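Each chain, letter by letter, is given below.
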Amino acid sequence: MRKIKLGFIGLGFISQTAHLPFYFADKRVKIKAFCEHNSKLLRKISKRYNVQNIYTSHKEMLKREK
């Protein structure tokens, strides 16, 4: 089965408590990229979910990711 690939822009409270746990637990989904202007938060959450593609600019993320 082909997985749905997702990228997240913004890693605030709602993303951390609702969206990320839900999609991370879904075996049909692969989280591919994160974008967050707070670089400390970006590094923390990307390590938690093992996401390698991280950006502080949503424009850069949208340009580089498929």
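Conventions used here
Residues numbered from 1 in each chain as written. Predicted model: local features only at pLDDT ≥ 70, side-chain atom pairs only at ≥ 80, totals over all residues. Heavy atoms only, no water. Pairing = 2+ DSSP bridges. Helix = DSSP H or I, 4+ residues; strand = E, 2+ residues; numbered from the N terminus. Axes fitted to C-alpha atoms, helices over the stretch in contact; angles between N-to-C directions. Parallel < 35°, antiparallel > 145°, perpendicular 65-115°, else oblique. Left-handed = near helix turned anticlockwise from the far one by under 90°. Contact = heavy atoms within 4.5 Å. Nonpolar A, V, L, I, M, F, W, Y, C, P; charged D, E, K, R; others polar. Buried < 20%, exposed > 50% of the residue type's maximum accessible area, 1.4 Å probe, protein only.

Undergrad: Go over the sheet that holds strand E2 (residues 29-35) with me, naming the residues and quoting the values.
TA: Pairing within the open sheet is parallel, and its 3 strands lie in the order E1-E2-E3. Pairing within the sheet leaves two strands with one partner each, and these edge strands are strand E1 (4-9) and strand E3 (53-55). Adjacent strand axes in the sheet meet at a mean angle of 25°, parallel and antiparallel pairs treated alike. In terms of strand pairing, E2 meets E3 through 3 bridges, oriented parallel. Counterpart to Phe 34 in the pairing with E3 is Ile 54.

Undergrad: I'd love a proper account of the packing of helix H1 (residues 13-25) against helix H2 (residues 39-49), names of residues and values included.
TA: Describing two packed helices takes the angle between their axes plus the distance from one axis to the other. Closest axis-to-axis distance for the H1/H2 pair is 12 Å, and the angle between their directions is 30°. It follows that H1 is roughly parallel to H2 by the angle criterion. Handedness of the crossing formed by H1 with H2: right-handed. Residues Gln 16, Leu 20, Pro 21 and Phe 24 of H1 form the contact with H2, whose own contacting residues are Leu 41, Ile 45, Arg 48 and Tyr 49. Residue composition of the contact of H1 with H2, grouped by class: 6 nonpolar, 1 polar and 1 charged.

Undergrad: Please provide a residue-by-residue account of the environment of Asn 50, values included.
TA: By the secondary structure assignment, Asn 50 is in the loop between H2 and E3. For Asn 50, a relative accessible area of 56% gives the class exposed. As a C-alpha pair, Asn 50 and Ala 33 span 17 residues in sequence and 9.9 Å in three-dimensional space.

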